[in-house]
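Chain by chain, the residues run as shown.
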Amino acid sequence: MNKNEISEIKKQFTKERCCITRMAGCYVNAEKEKVLRFKEPFLSIPEEEMYKYLDIFRKAFSGAIGKNLLNLEFPLDQEMGDGTQKRLLVLRDGELKNDDDLDAFYDQVIGTWYHPENYLILLIHGAYDIPAKASDGLTMDDASDYVYNFILCCLCPVELSKAGLSYNAETNSFQDRIRDWIVGMPEQAFLFPAFNDRNTDLHSLLFYSKNAKEFCPEMIEQFLGCTQPLPAAQQKESFQTIIEDALGEACVYDAVLHIHDTLNEMIEEKADDPEPLELDKADVRRLLERCGAPEENMERFEQEYDEEIGAQATVMAAHISDTKTFEVKTPEVTVKVQADCADMVETRMVDGVPCLVIPLTNEVVVNGIHVKQKVEE
C-alpha cells in the first residue's frame, strides 16, 4: 500500500465515514489468561466509547512506510492448505460472528505474542464501499464499483493509571485519584487484506509496529507466516558496510559525498510519488559504478549484498540517506551541515596534514556569542 491508499483507509475511521460492521476483543492478563471476551455491532456502542476506539484504529495507520508500516506478502506455502492466509480469510468472511473462530484466533495470538503485562486483542471487520475516481482524481461518492472487506487487529497494552491527587467538585477537596486500567495505543497491528491499487489484495497485508526498530518477528514470521524485512536502522548499517567494501581503496571523501548527493537527488525527484523510492541490487550496483567503485570489486559487492540485505530484497532510499543533514565524524570532532550544503565541506592538505575545510560566512556564533572574523594577509 502506498501513502495515498493508507490515507484513504485511515480516513474511514471517523464517526461520519465509519465502515466498521462489528468489533470483537479479548482481554488477556499477565498470566496469559482470557479475562474478558466480547463482540458486538460497532455502531451500537456509546458515542463516547466509539471515538476512543476510532483513535486506536487510526493509530494503526501512523508512521512512515518501511519504518512503522510494512507491506508484507504471504509466501506461496502460506496461501495453500491451512496456511495463515486461510485462517485470516475465515475471520474476514465470517465477519467476526463465529465464537470458535475468534477463540482460535485469540489462542494463536496469546501463544505467539509476548507482552509482560495485561493487554487487549482488538478486532474489527469493515466493509468499505470504494468510490470510483474521475479522470481528474476526484472521488465520486455515488459511483462505487467494489466493496473492500477487511479485518484490522490491534494489540493494545492495558496499564494501570498513575497514582496522584484529583479534585473532587462535590466535596470541594483534593483526594487520592482512583487508579483505573487504561487501554493504550496499539503496539502492533495488521490490516488484512491489503488495499493495493484501491482494491482487495488477498496476497498481502499491512503491518504496523509502534517501535520502528523492532518489528516483532514472532508476529510477522510465526503468526502471520511472512518474511520480516530489515528494519530501517539495519538497512542503513548494511548499506554502509556494502559501500565500504565495494569502494575499497576508492572509499574516499569525494566518492561518499557523491553517493550522498546522488541519493538525495533521486529522493527529491520522487518526492511527490505516493510510492517510496526503493533500490534493488541492480540499482545499488549502478549507483556504486557511477560513483567510482572499481570493476574488480563488483563481484565482492554481489556477495556482500546477498549476505547483508538479500539477493531479492530492496532498501528504501530514505532509510540509507539522510536528506536533512550531512555528517563528518572523527574521534574528536563531529561536523554537521544541512544536506543541501554538503559541498561546503572540503578536504585539503594544510601544511602536509589532511584537513576538513569549511568556509565561514559573515555570521559566526561560538557558544552563543557572535564573533568577528579575523582578516589576515
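## Some remarks on the nonpolar core
(1) Moving on: F13, F42 and F57 are the most contacted members of the largest nonpolar core, which has 39 residues in total.
(2) Moving on: Among the secondary structure elements, those contributing two or more residues to this core are α1 (3-10), β1 (20-28), α2 (47-59), β4 (119-133), β5 (139-160), β9 (188-192), β10 (194-196) and β12 (204-209).
(3) Moving on: The leading source of residues in this core is β5, at six residues.
(4) Moving on: Ignoring sequence-local partners within four residues, the contact set of F57 consists of F13, I20, M23, F42, L122, I124, L152 and C154.
(5) Moving on: Within the second largest apolar cluster, 33 residues are counted, among which are L70, Y119, I121 and F207.

## A few points about a negative patch on the surface
(1) Moving on: Together, E265, E268, E269 and D272 make up a region of like negative charge exposed at the surface.
(2) Moving on: Within the secondary structure layout, E265 lies in helix α7 (residues 253-269).
(3) Moving on: The class for E265 is partly exposed, based on a relative accessible area of 45%.

## Topic: the pattern of salt bridges
(1) Moving on: Summed over all chains, the structure comprises 18 salt bridges.
(2) Moving on: For K34, the salt bridge is made with D103, and the minimal N-O distance between the two is 3.7 Å. One end of the pair, K34, is in strand β2 (residues 34-41); the other, D103, is in helix α4 (residues 99-112), with 69 residues separating them in the sequence.
(3) Moving on: Note on K34: relative accessible area 29%, which makes it partly exposed.
(4) Moving on: The partner of R286 in a salt bridge is D283, and the shortest N-O contact between them spans 2.5 Å. Of the two residues, R286 and D283 both sit in helix α8 (residues 281-290), three residues apart, roughly one turn of that helix.
(5) Moving on: For D283, a relative accessible area of 24% translates into the label partly exposed.
(6) Moving on: When salt bridges with common partners are traced through the structure, they connect K281, R285, E289, E295, E302 and D306 into a single cluster.

## Some details on the packing of aromatic side chains
(1) Moving on: This model, assessed by the stated rule, comprises 17 aromatic pairs.
(2) Moving on: A ring pair is formed by Y53 and F57, whose centres lie 6.4 Å apart and whose planes are at 20°; its orientation type is stacked. Remark: F57 and Y53 occur in helix α2; sequence separation between them is four residues, near one turn of the helix. By the burial criterion, Y53 is buried, and F57 matches it.
(3) Moving on: Ring centres of Y253 and F326 lie 6.3 Å apart, and the angle between their planes is 80°; on these two criteria the pair is classed as edge-to-face. Taken as a pair, Y253 in helix α7 and F326 in strand β15 (residues 325-329) lie far apart in primary sequence, 73 residues in all.
(4) Moving on: Members of the aromatic cluster, each reached through a chain of ring pairs, are F13, F42, Y53, F57, F61, Y128, Y148, F150 and F195.

Rules of the game
Residues numbered from 1 in each chain as written. Predicted model: local features only at pLDDT ≥ 70, side-chain atom pairs only at ≥ 80, totals over all residues. Heavy atoms only, no water. Core = buried A, V, L, I, M, F, W, Y, C linked by side-chain atoms within 4.5 Å. Buried < 20%, exposed > 50% of the residue type's maximum accessible area, 1.4 Å probe, protein only. Helix = DSSP H or I, 4+ residues; strand = E, 2+ residues; numbered from the N terminus. Contact = heavy atoms within 4.5 Å. Patch = residues over 30% accessible without salt bridge, like charges linked within 9 Å, V, L, I, M, F, W, Y side chains within 5 Å. Areas by Shrake-Rupley, 256 points an atom, 1.4 Å probe, with all protein chains shown as cover. Salt bridge = Lys/Arg side-chain N within 4 Å of Asp/Glu carboxyl O. Lys, Arg positive; Asp, Glu negative; His and termini not counted. Charge placed at Lys NZ, Arg CZ, Asp CG, Glu CD. Phe/Tyr/Trp six-rings, centres within 6.5 Å; stacked < 30°, edge-to-face > 60°.

Keep in mind that these numbers describe shape and distance, not what the molecule does.
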